[in-house]
Amino acid sequence: MNIDELKSVADAIVAKQKGILAADESSPTIKKRFDSIGAESTEETRRRYREILFTTEGIERYISGVILYDETLRQSSGDGVPFPKLLSNRGILPGIKVDKGAKALALQPGNKITEGLDGLRDRLAEYKELGARFAKWRAVMEIDEYNVPSAYAIRANCHALARYAALCQEIDLVPIVEPEVLMDGGHDINRCEAVTSQMLESLFAELDAHGVQFEGTLLKPNMVIPGLKCPQKVSVQQVAEATVRCMQRYVPAAVPGIVFLSGGQSPEDATDHLNAMNAMKGNCPWQLSFSYGRALQAPVLSAWKGQESNVAEAQRAFFKRCQLNGLAREGLYSRAMEDS
Ligand code: 13P
């Protein structure tokens, strides 16, 4: 393990003004997104869509890294430049999603476990050959009124995250560890904070037990937010305060950055929450950044609709979201900017 290299890649990903584009939807997930805009999902339409994102002019000012899916890492631009090369030529670090998705956890109804550890060392070596500099593994926790997530499900998922992270660092790929508490359901913000706290406490204990170096690791958590069906609404400031408080309690200062997922928030809310955290962050030891999938791409998909004639409009929409999130990284965004 070369800790200096890991640290310098992690620091570059959370450089000022910058964050991550998560474009690592699996083929079934991107098909759902394409279905919603009436576009067909084929290897070529998926390639073209990702090319539209990656070739948008100016995004390198706000995007430090892109998480790719296996298929995309092996694809190229229309003029034959492999995507990892195209991104690195623009100063953007290519990353790769390496988990194999969440499956039902045996004997634990309602709980899931993320699979993909078998053979991971060899897959990571190949991904590194293909140009990846960092990786991502996502654990998912649903909240319900009863014993979900269970203490055992939390421990099992954090153990898997730690094994993945150690394998990444062994080969000098920066691991992004993603313990996602889902925002589906009717739970309130306090329950989200309690479950997120349990996840983070367990995660850092497992990472430490596996010898993972925090300085070369990035955390990708959910924000602390009520469930979508919760009747009690909260303010942007309440989300920012609860999220920063939770991170301050459980995330070691040695971690260079926290790159939040958007998790189904609207693009505007995701930007606003990130902005409020950066505006109030005071003496937080880590960078507070973004690793958004839907919150960066939803307006792009709506503008594109699978039509070549809409590419310029789609790229304008993408640039705007990148720029606004870049401003939110510094606490300089305001909702009024959405209309300009
Ligand atoms: P969302 O921002 O759409 O939640 O996606 C981020 C991600 O990479 C989920 O694994």
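Our subject in this report is the structure included herewith. (Residues numbered from 1 in each chain as written. Predicted model: local features only at pLDDT ≥ 70, side-chain atom pairs only at ≥ 80, totals over all residues. Heavy atoms only, no water.)

1. Focus on unusual backbone geometry
Formally: Strands here mean DSSP runs of E at least two residues long; helices mean DSSP runs of H or I at least four residues long; both are numbered from the N terminus.
Geometrically, the link from Val 148 to Pro 149 is a cis peptide bond, its omega value of 0° lying close to zero. Mapped onto the elements of the fold, Pro 149 is located in the loop between β6 (134–141) and α7 (151–170). In this structure, Asp 172 takes a positive phi of about 65° despite not being glycine. On the secondary structure map, Asp 172 appears in the loop between α7 and β7 (174–181).

2. Considerations on the site of the ligand
To be explicit about the condition: Think of it this way: one heavy atom of a residue within 4 Å of a molecule or strand is enough to make that residue near it. By the criterion applied in these results, polar contacts are pairs of N or O atoms within 3.5 Å in which, for protein atoms, one can donate a hydrogen and the other can accept it, and in which residues neighboring in sequence qualify only through two side-chain atoms. Every accessible area reported is derived by Shrake-Rupley at a probe size of 1.4 Å, with residue values counting cover from the shown protein chains alone.
The environment of the ligand is formed by 13 residues, the closest being Lys 136, Lys 220, Ser 262, Gly 263 and Arg 294. In this structure, Arg 138 approaches the ligand through a side-chain N or O atom, which is 3.5 Å from an oxygen atom. Here an oxygen atom of the ligand and a side-chain polar atom of Glu 178 are 3.0 Å apart. Protein chains shield 91% of the accessible area of the ligand, which is 300 Å² for the free molecule. Looking at the shell around the ligand, the elements that each hand over two or more residues are β6 and β10 (287–292).

3. Remarks on the packing of aromatic side chains
Convention followed: Any pair of Phe, Tyr and Trp rings, taking the six-membered ring for Trp, is counted once the centres come within 6.5 Å. Such a pair is stacked with planes under 30 degrees apart, edge-to-face with planes over 60 apart, and tilted for the rest.
Following the criterion strictly, the structure yields 8 aromatic pairs and no others. When the centroid spacing of 5.9 Å and the interplanar angle of 70° are considered together, the rings of Tyr 62 and Phe 319 count as edge-to-face. With Tyr 62 in the loop between α3 (43–54) and β2 (63–68) and Phe 319 in helix α12 (residues 311–328), this pair connects stretches of sequence that are 257 residues apart. Feature note: the residues Phe 34, Tyr 49 and Trp 304 constitute an aromatic cluster, connected by ring pairs.

4. Some words on α3
Put simply, the test is: An expected span of 1.5 Å times one less than the residue number is assigned to each helix. Burial status follows relative accessibility: with a 1.4 Å probe on protein chains alone, a residue under 20% of its type maximum counts as buried, one over 50% as exposed, and anything between as partly exposed.
End to end, α3 covers 16 Å across 12 residues, agreeing with the expected 16 Å (1.5 Å per residue, within 8%). For α3, a buried count of 9 out of 12 residues is recorded, marking the element as mostly surrounded by other parts of the structure. Those residues of α3 that sit buried are Arg 46, Arg 47, Arg 48, Tyr 49, Arg 50, Glu 51, Ile 52, Leu 53 and Phe 54.

5. Focus: the pattern of salt bridges
Selection rule: What makes a salt bridge here is a side-chain nitrogen of Lys or Arg within 4 Å of a carboxyl oxygen of Asp or Glu, nothing more.
Taken as a whole, this structure holds 26 salt bridges when the rule is applied. For Glu 338, the salt bridge identified is with Arg 321, shortest N-O distance 2.8 Å. Placement of the pair is Glu 338 in the segment after α12 and Arg 321 in helix α12, with a sequence separation of 17 residues. Comparing Glu 338 with Arg 321 shows no difference in burial state: the two are buried. One salt-bridge network, in which partners are shared between bridges, spans Asp 24, Lys 97, Lys 136, Arg 138, Glu 178 and Glu 180.

6. A word on the sheet that holds strand β8 (residues 218–219)
Note the cut-off: Strands are treated as partners if at least two bridges between them are detected by DSSP. Working rule for contacts: check all heavy atoms of both residues, and any pair within 4.5 Å makes them a contact. Helix axes are fitted to C-alpha atoms over the stretch in contact, other axes to C-alpha atoms as well, and angles between N-to-C directions run from 0 to 180 degrees.
Read around the closed barrel, the 8 strands follow the order β1-β2-β3-β6-β7-β8-β9-β10; overall the barrel is parallel. Sitting on the sheet, helix α10 (residues 267–280) is in contact with β9 (257–260) and β10, with an inclination near 170° to β10.

7. Brief notes about the nonpolar core
Note on soluble globular proteins: their nonpolar side chains tend to be buried together. We count it as follows: Side-chain atoms within 4.5 Å link the members of a nonpolar core, which is a set of buried Ala, Val, Leu, Ile, Met, Phe, Trp, Tyr and Cys residues.
Counting residues in each nonpolar core, the largest one holds 92 residues, and the members touching the most others are Phe 54 and Tyr 164. Per-element tally for this core: the top contributor is α7, with 9 residues. Excluding residues that lie within four positions of it along the chain, Phe 54 makes contacts with Leu 21, Ala 23, Ile 59, Val 66, Leu 68, Thr 72, Phe 83, Leu 86, Leu 87 and Arg 90. Grouped together as the second largest cluster of nonpolar side chains are 14 residues, Leu 6, Ile 13, Val 14 and Ile 20 included.

8. Points about the packing of helix α8 (residues 189–209) against helix α9 (residues 236–250)
Rules: Should an angle lie under 35 degrees it is considered roughly parallel, over 145 roughly antiparallel, and from 65 to 115 roughly perpendicular; all remaining angles are considered oblique. Note on convention: near helix rotated counterclockwise from far helix by under a right angle means a left-handed crossing. Clockwise means right-handed. Three classes are used: nonpolar for Ala, Val, Leu, Ile, Met, Phe, Trp, Tyr, Cys and Pro, charged for Asp, Glu, Lys and Arg, and polar for all others, with Gly counted as polar.
Where α8 contacts α9, the two axes come as close as 9 Å, and the packing angle between them is 25°. The angle between α8 and α9 places the two elements in the roughly parallel class. Between α8 and α9 lies a crossing whose hand is right-handed. Taking contact as the criterion, the partners of Ile 189, Glu 193, Thr 196, Ser 197, Leu 200, Glu 201 and Phe 204 in α8 are, on α9, Gln 238, Val 239, Ala 242, Arg 245, Cys 246, Met 247, Arg 249 and Tyr 250. When grouped by side-chain class, the residues that make up the contact of α8 with α9 number 8 nonpolar, 3 polar and 4 charged.

9. Quick look at a negative patch on the surface
Put simply, the test is: Residues enter patches when they are more than 30% accessible in relative terms and free of salt bridges; like-charged ones are connected within 9 Å and nonpolar ones (Val, Leu, Ile, Met, Phe, Trp, Tyr) within 5 Å. Positive charges are assigned to Lys and Arg, negative charges to Asp and Glu, while His and the chain termini are left out of the count. We put the charge of a Lys on NZ, of an Arg on CZ, of an Asp on CG and of a Glu on CD.
Residues Glu 142, Asp 144, Glu 145 and Asp 184 make up a contiguous surface patch of negative charge. Secondary-structure assignment places Asp 184 in the loop between β7 and α8.

10. Observations regarding the environment of Val 212
Mapped onto the elements of the fold, Val 212 is located in the loop between α8 and β8. In this structure Val 212 comes out as buried when scored by relative accessible area, which is 4%. A C-alpha to C-alpha distance of 21 Å links Val 212 and Ser 291, two positions 79 residues apart in sequence. Leave out the neighbours within four places in its chain, and Val 212 touches Ala 162, Ala 165, Ala 166, Gln 169, Leu 207 and Thr 217.

11. Comments concerning the pairing of strand β3 (residues 93–97)
Counting buried positions along β3 yields 5 of 5 residues, so the element is predominantly enclosed. Neither face of β3 is exposed, since Leu 93, Gly 95 and Lys 97 on one face and Pro 94 and Ile 96 on the opposite face are all buried. When β2 meets β3, the two strands line up parallel, connected through 4 bridges. Within the sheet, the bridge partner assigned to Gly 65 lies in β3 and is Leu 93. Two strands pair when backbone bridges link them, and β3 and β6 are joined in this way by 3 bridges, in the parallel orientation. Residue pairing across strands places Ile 96 opposite Ala 135, the latter belonging to β6.

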